[in-house]
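The chain contents come next:
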Amino acid sequence: MAHTQYLKKLSILAASGLLAACSGALAQPAPVPPSPNGGATYADLADLADRANLVIHAEIRDQAKLSAERAPNVTPGHARLYIEAQTVALIGGSRPIGESLRYLVDVPVDEDGDPPKLKKQQVILFARAGQGRPGEVQLVGPTAQLPWNPEFEARLRPILAEMAEPDAPPTVVGVRDILSIPGNLAGESETQIFLNTDGEGPVSITVVRRPNMSPVWGVSWSEIVDQAARPPARDTLAWYRIACFLPDQLPRDAMLSDDPASQAQAAEDFAFVQQSLGPCQRNRS
């Protein structure tokens with residue numbers, strides 16, 4: 001790109017407000033996946049999709065590297081690019097978008113400090129609609145642009161579909177209360193874990209123990225505590241909401257009972273649920 005064209009594009013960018021609007025969103029660095037989209041786990045994709053109201057399949061048409069003065073807080077070893085792209089398809093979101101897109105993205109540079117040449121590459125953008133000129137979008141994170149391929153899109157679409165459902169599992173923000181009640185027989189108990197959500201409805205976990213049987217647990221996504229509820233399958237939205245947002249340690253003020261035995265059983269059952277869920281692996285921060 002000629003120098004005069006570069007300056008013209010950046011002037012338009014600054015005048016439209018996209019540069020200022022994106023500076024805050026891109027200020028917090030995030031590592032690029034170690035391999036083309038294959039480094040992104042289910043939780044990584046759900047994190048991105050959850051924050052985006054637009055998920056776009058696009059083809060890059062042009063790029064310009066921003067100077068250090070125009071791109072503060074860029075992660076070392078990265079450069080910030082102004083990108084012009086063409087919309088291929090809107091994969092997720094209901095807001096209309098145009099054929100042409102403009103946005104900022106951080107990309108790794110080579111040993112000479114040069115960014116990769118992205119022209120004609122197809123990508124997936126996790127974005128929000130910009131507040132400036134038509135066609136401007138703001139990525140939800142500095143590296144919220146991932147290489148597109150059919151397999152990657154096939155992984156992503158079920159996540160977007162689950163999130164779009166009217167009865168999608170709500171966002172879990174912590175543990176509100178926990179209570180373990182012993183049964184009539186030795187080794188029998190039932191523990192209820194009530195979770196706080198982002199104003200989207202109640203969620204509770206039930207752990208049931210019976211003599212000479214393995215403990216069982218499940219999740220209820222309504223006000224009715226269902227003992228027949230089952231654990232969520234891994235790499236589903238229900239699993240993500242719980243496995244990736246339960247605290248590592250049970251809050252002491254969540255205990256409803258003052259009885260030490262009840263508290264010990266509640267803590268044991270909370271740890272059992274965490275172990276059963278397995279780790280929430282993220283390759284992006």
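Everything numeric here is computed off the predicted structure, so don't read it as measured data.

## Topic: the overall build of the protein chain
- Secondary structure summary: the protein chain contains six helices and 10 strands in total.
- Residue burial in the protein chain is summarised as follows: out of 285 residues, 45% are buried.
- Contacts in the protein chain between residues far apart in sequence, at least 24 positions, make up 65% of those at least 6 positions apart.
- For the protein chain, the exposed surface amounts to about 14400 Å²; the carbon and sulfur share of it is 51%.

## Regarding the pattern of salt bridges
- Counted under the stated rule, the structure contains 11 salt bridges.
- Note that Asp-47 and Arg-282 form a salt bridge whose closest N and O atoms lie 2.5 Å from each other. Of this pair, Asp-47 sits in helix H3 (residues 42-51) while Arg-282 is found in the segment after helix H6 (260-277), placing the two residues 235 residues apart along the sequence.
- A single network of salt bridges, built from pairs that share partners, joins Arg-209, Glu-268 and Asp-269.

## A closer look at the pairing of strand S8 (residues 189-197)
- Where strand S7 (residues 172-182) lies against S8, nine bridges are found, and the strand directions are antiparallel. Along S8, the bridge assignment pairs Ser-180 with Thr-191.
- Where S7 folds back onto S8 in an antiparallel hairpin, the turn is made up of six residues, including Gly-187, whose phi is positive at roughly 85°.
- Relative to strand S9 (residues 203-209), S8 runs antiparallel, the two sharing seven bridges. Paired with Ile-193 across the two strands is Ile-205, which belongs to S9.

## A short note on a negative patch on the surface
- Taken together, the side chains of Asp-110, Glu-111, Asp-112 and Asp-114 define an acidic patch exposed on the protein surface.
- Looking at the element boundaries, Asp-112 is found in the loop between strand S3 (100-108) and strand S4 (122-129).

## A few points about the environment of Leu-101
- Note on placement: Leu-101 falls in strand S3.
- For Leu-101, a relative accessible area of 2% translates into the label buried.
- As for Leu-101 and Pro-134, which are separated by 33 residues in sequence, their C-alpha atoms are 8.3 Å apart.
- Those residues in contact with Leu-101, other than ones at most four positions away along the chain, are Ile-56, Ala-58, Ile-83, Glu-84, Ala-85, Thr-87, Leu-125, Gly-135 and Val-137.

## What to know about the sheet that holds S9
- A sheet is described by the order of its strands in space; here four strands give the open sequence S7-S8-S9-S10, paired in antiparallel fashion. In the strand order of this sheet, the two ends are held by S7 and strand S10 (216-220), each with one partner. Within this sheet the neighbouring strands show an average axis-to-axis angle of 15°, counted without direction.

## Description of the state of the cysteines
- The full count for this structure, using the stated rule, is one disulfide.
- Note that Cys-244 is cross-linked by a disulfide to Cys-280, the S-S spacing being 2.0 Å. Taking the sign of the S-S torsion, 95° for the link of Cys-244 and Cys-280, the bridge is right-handed. With Cys-244 in the loop between helix H5 (237-243) and H6 and Cys-280 in the segment after H6, the pair connects residues that are 36 residues apart, well separated along the chain.

## What about the environment of Arg-234?
- Note that Arg-234 resides in the loop between S10 and H5.
- The exposure class assigned to Arg-234 is partly exposed, which follows from its relative accessible area of 42%.
- Counting along the chain gives 46 residues from Arg-234 to Cys-280, while the straight-line C-alpha distance between them is 9.7 Å.
- Not counting chain neighbours up to four residues away, the residues in contact with Arg-234 comprise Trp-239, Leu-277, Gly-278 and Pro-279.
- At 3.3 Å, the side chain of Arg-234 and the backbone oxygen of Leu-277 are in polar contact.
- A distance of 2.9 Å separates a polar side-chain atom of Arg-234 from the backbone oxygen of Pro-279.

## Concerning the packing of H3 against helix H4 (residues 150-164)
- At their nearest, the axes of H3 and H4 sit 10 Å apart, and the two run at 55° to each other. Taken as axis vectors, H3 and H4 run oblique relative to one another. Remark: the crossing between H3 and H4 carries right-handed chirality. Here Tyr-42, Leu-45, Ala-46, Ala-49 and Asp-50 of H3 come into contact with H4, specifically with Phe-152, Arg-155, Leu-156, Ile-159, Leu-160, Glu-162 and Met-163.
- Within the contact of H3 with H4, the residues separate by chemical class into nine nonpolar, no polar and three charged.

So, how was this worked out
- Residues numbered from 1 in each chain as written.
- Predicted model: local features only at pLDDT ≥ 70, side-chain atom pairs only at ≥ 80, totals over all residues.
- Heavy atoms only, no water.
- Helix = DSSP H or I, 4+ residues; strand = E, 2+ residues; numbered from the N terminus.
- Buried < 20%, exposed > 50% of the residue type's maximum accessible area, 1.4 Å probe, protein only.
- Contact = heavy atoms within 4.5 Å.
- Areas by Shrake-Rupley, 256 points an atom, 1.4 Å probe, with all protein chains shown as cover.
- Salt bridge = Lys/Arg side-chain N within 4 Å of Asp/Glu carboxyl O.
- Pairing = 2+ DSSP bridges.
- Patch = residues over 30% accessible without salt bridge, like charges linked within 9 Å, V, L, I, M, F, W, Y side chains within 5 Å.
- Lys, Arg positive; Asp, Glu negative; His and termini not counted.
- Charge placed at Lys NZ, Arg CZ, Asp CG, Glu CD.
- Axes fitted to C-alpha atoms, helices over the stretch in contact; angles between N-to-C directions.
- Disulfide = S-S within 2.5 Å.
- Polar contact = N/O pair within 3.5 Å; in protein donor to acceptor, adjacent residues only side chain to side chain.
- Parallel < 35°, antiparallel > 145°, perpendicular 65-115°, else oblique.
- Left-handed = near helix turned anticlockwise from the far one by under 90°.
- Nonpolar A, V, L, I, M, F, W, Y, C, P; charged D, E, K, R; others polar.

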